[in-house]
Number of protein chains: 2
Amino acid sequence: MNIYDIAELAGVSIATVSRVVNDSPKVSEKTKMKVRAVMEANHYTPNVFARGLGLNSMKTVGIVCPDVSDDYMAGSVAYLEKRLRSYGYDCILYCSGYEYEDKAAAVHLILQKRIDALFLVGSHYAGNGSGEDVDYVREAADTILVFLINGYVRCPGVYCVLSDNYQAVYDAVSALTETGKKGILFLYDSNSYSTMEKMRGYEDALKDNGISVTEDRKIFVQNKILTVRDMLLEKKDLEFDAVAATDDGLAIGALKYARKKKLSVPGDISIIGFNNSELSICCEPELSSIDSRSETLCKTAVDSMMALLKGRPVRHKKVVPCRLVKRRTTNF
Amino acid sequence: MNIYDIAELAGVSIATVSRVVNDSPKVSEKTKMKVRAVMEANHYTPNVFARGLGLNSMKTVGIVCPDVSDDYMAGSVAYLEKRLRSYGYDCILYCSGYEYEDKAAAVHLILQKRIDALFLVGSHYAGNGSGEDVDYVREAADTILVFLINGYVRCPGVYCVLSDNYQAVYDAVSALTETGKKGILFLYDSNSYSTMEKMRGYEDALKDNGISVTEDRKIFVQNKILTVRDMLLEKKDLEFDAVAATDDGLAIGALKYARKKKLSVPGDISIIGFNNSELSICCEPELSSIDSRSETLCKTAVDSMMALLKGRPVRHKKVVPCRLVKRRTTNF
């Protein structure tokens, strides 16, 4: 039983429930009595979220990400902070690391602060393909508004804003097949929600273009540029003429491999990265990369929070299309 | 009159003053009377810092940086957060932007929170060569412990941990002259304290190696890789055979210039970057770069805070030597 249920049962908005909890003069006595009756009948204790909405708000939110020194996350935290600041909110930052226990502990700890909402940055908080659970996210949503950037967890109280990673990779891999590429590698460095979506896009694009998916062409490798290069150099029996990577660093590793093997890019090997980070401009030739539009994701999430606090309805899943930035490592 | 003055006049540590303010049972009545007498005689009102040290601490610090999406700053914030978290401290993050008014406003705003200390990340908070003042940093230090990462402001209550940027650039430019380079450009993108230190190192190294410093070889250019390349392409009359840049992005811009002009690197042009960021591995050839050791800076600053809170003496200026990482854009 949480604030959403109370609102629904009482036939009012969550903002109204919050105002009742905070005994706001803006709510009529009649409504107050009705809401309180529902709360009592359901043994409902006002929680952090309800308090956060009201007069007791500290105007502070929690931002949790695995590692803010990561390019993508740093950008997202910067966008979130700026947007939240523009609404007068402070941000407590918590870098949780990537391990399940550490992520759960971070969320648990930050919920003990007086925060009005929780932003989880990066799809590492949306479980992974190996069946990691997301109970800690669901539990957080029982007591506070939760926003998930670039991941999806189906749960009342969890609002997800994500890039259309599936479609972006589907389109990019399809485009590679249209330039005649058949041996397309998929390089990935995590099992996060968004990575699994990208992999689905890769697989479906191959199938839909009449190319069979083989396990040896899907390669998990930790995101260090020179590690990727050396790993590819060692796979002497693997034939490929293109690479789709879930991250620009991985793609540049493939580019370093091509250079070492004196292969032409994009002729012998075409390469597509992801995130359109500054790295994509540094390498030679410059890297075609998918822009995940994280600024739009972050703005959308913060604006969703503001809408919810004003009692307006907000969709639980908002998907933002990506954008392919064509440079010199592809033939299209 | 601040807590340092009170501590000195009363002949006790600042931690003791703090305990008196918080009426801690750990301090004898005799000492309490002595400290209170000094406080009254000097019309001293206990401030945020004094409260922060005591029982009322929220175990929260403020971290202010111009822009956390910047590589260097993101790394520093990540290191600070991790170290502070290990001591049980929460971090409120504030991205201030680069303008003087915005920086001062950010510091002013964050001081109104109940924080125990303030960390300013990046030498943009230490004034610049154009005489920008740092009154807002001094004022902050009147009410709270201030730590400055990679900058220096001489002031009681401001504790500075900085890279030896002067020596690093001095050594790198000297090494360039020893490989026969005479026309060495200095590319920079700000007037921050650390940039001015780097410029001093550049100038002194030239002078000490019998090369005159010319203004046209010191080039201010905003940190966009392709902007740097195009700017150099336009300067047709400028002769140079080496580049020392205050940032890896600037250095890679010079590398892009060399490629466009079909100049060999490091033969025709040697190039040195700064920060040893991931960018330095992406480019071709890979970039020699100066590692500013920001992890050490951040750890040192946090450990200084912990020492001060325990009443131990801490030096106001700690300088950490840099480390040149030699790759393929230099001949040494």
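Preceding block: the structure.
Attention in this report is confined to the structure presented alongside it. (Residues numbered from 1 in each chain as written. Chains lettered and ligands numbered in written order. Predicted model: local features only at pLDDT ≥ 70, side-chain atom pairs only at ≥ 80, totals over all residues. Heavy atoms only, no water.)

1. Looking at the nonpolar core
Test applied: Here, the term nonpolar core denotes a set of buried Ala, Val, Leu, Ile, Met, Phe, Trp, Tyr and Cys residues that are joined through side-chain atoms within 4.5 Å. Buried residues are those whose accessible area, probed at 1.4 Å on protein chains only, stays under 20% of the maximum for their type, while exposed residues exceed 50% and partly exposed ones sit between those limits. Only heavy atoms enter the contact rule, under which two residues are in contact if any of them lie within 4.5 Å.
Grouped together as the largest cluster of nonpolar side chains are 94 residues, with contacts concentrated most on F119 and M305 of chain A together with F119 of chain B. In contact with F119 of chain B, not counting residues within four places along its chain, are V61, G62, I63, V64, L80, L84, F147, A301, V302 and M305 of chain B.

2. A look at the interface of chain B and chain A
The following threshold applies: Note: buried area is the sum, over both parts, of the accessible area (probe 1.4 Å) each one loses when the two are combined. In the sections that follow, a salt bridge refers to a side-chain nitrogen of Lys or Arg positioned within 4 Å of a carboxyl oxygen of Asp or Glu. A 3.5 Å cut-off defines polar contacts: any pair of N or O atoms within that distance qualifies, except that in protein one atom must be a possible hydrogen donor and the other a possible acceptor, and neighbouring residues in sequence count only when both atoms are side-chain atoms. Segments assigned H or I by DSSP are reported as helices when at least four residues long, segments assigned E as strands when at least two residues long, and all are numbered from the N terminus. One bridge is not enough; two strands pair if DSSP finds at least two bridges between them.
Tallying the contact residues gives 30 residues for chain B and 30 residues for chain A. When the two sides are added together, the surface that chain B and chain A hide from each other amounts to roughly 2,800 Å², 59% of it contributed by carbon and sulfur. There are 8 salt bridges connecting chain B and chain A. Of the charged contacts in the structure, one is a salt bridge between K256 of chain A and E284 of chain B, with a shortest N-O distance of 3.0 Å. Put simply, chain B and chain A have 19 residue pairs in polar contact (both at pLDDT 80 or more) between them. If you list the elements that add at least two residues to the side of chain B that touches chain A, you get α5 (71-86), β2 (90-95), α10 (225-234), α11 (248-260) and α12 (279-282) of chain B. Looking at which element gives the most residues to the side of chain B that touches chain A, the answer is α5 of chain B, with 7 residues. Relative to β2 of chain B, strand β2 (residues 90-95) of chain A runs antiparallel, the two sharing 3 bridges. When the sheet's bridge partners are listed, C91 of chain A is paired in β2 of chain B with L93 of chain B.

3. Points about the sheet that holds strand β11 (residues 317-320) of chain A
Condition: Lines fitted to C-alpha atoms define the axes, with helix axes restricted to the stretch in contact, and inter-axis angles between N-to-C directions lie between 0 and 180 degrees.
Spatially, the 12 strands line up as an open sheet ordered β11(A)-β5(A)-β4(A)-β3(A)-β1(A)-β2(A)-β2(B)-β1(B)-β3(B)-β4(B)-β5(B)-β11(B), and their pairing is mixed. Each having just a single partner strand, β11 of chain A together with β11 (317-320) of chain B make up the two edges of the open sheet. Here the strands of the sheet are splayed against their neighbours by 20° on average, with no regard to which way each runs. Two strands pair when backbone bridges link them, and strand β3 (residues 117-121) of chain B and strand β4 (residues 145-149) of chain B are joined in this way by 5 bridges, in the parallel orientation. Bridge assignment links L120 of chain B to a residue of β4 of chain B, and that residue is L148 of chain B. Contacting β1 (60-65), β3, β4, β5 (158-163) and β11 of chain B, helix α13 (residues 294-309) of chain B runs over the sheet at an angle of about 165° to β4 of chain B.

4. Thoughts on the pattern of salt bridges
Think of it this way: side chains of opposite charge can pair up when their charged atoms draw near. All names here are of chain A. The final tally for this structure, using the stated rule, is 30 salt bridges over all chains. Residue R85 is joined to D90 by a salt bridge in which the shortest nitrogen-to-oxygen separation is 2.6 Å. Take R85: its relative accessible area is 14%, and that puts it in the buried class. Overall, D90 belongs to the buried group, its relative accessible area being 3%.

5. Description of unusual backbone geometry
Residue and element names in this part refer to chain B. The omega torsion across V265 and P266 is 10°, close enough to zero to call that bond cis. Tracing the backbone shows P266 in the loop between α11 and β9 (270-274). The step from E284 to P285 runs through a cis peptide bond, and the omega angle for that step is -10°. Locating P285 in the fold gives a position in the loop between α12 and β10 (288-291).

6. Thoughts on the relation of the copies chain B and chain A
Put simply, the rule is: Here the copies are superposed with least squares, the fitted atoms being C-alpha atoms of residues at a pLDDT of at least 70 in both.
For the pair chain B and chain A, the relating rotation is 180°, the translation along its axis is 0.0 Å, and the fit reaches an RMSD of 0.1 Å. Read as a symmetry element, the transformation amounts to a two-fold axis. A shared interface surface links the copies, since 100% of the contact residues of chain B are contact residues in chain A too.

7. Remarks on the pairing of strand β1 (residues 60-65) of chain A
All names here are of chain A. Which entries qualify depends on this criterion: By the criterion used throughout, a crossover qualifies as right-handed when its path from the first strand across the helix to the second strand runs clockwise, the strands pointing away from the viewer.
Buried residues dominate β1, accounting for 6 of its 6 residues. A two-sided burial pattern is seen for β1, the buried positions comprising T60, G62 and V64 on one face and V61, I63 and C65 on the other. As judged from the 6 bridges shared by β1 and β2, these two strands associate in the parallel manner. Residue G62 lies in a different strand from β2, and its bridge partner there is I92. Handedness of the crossover joining β1 and β2 through helix α5 (residues 71-86): right-handed.

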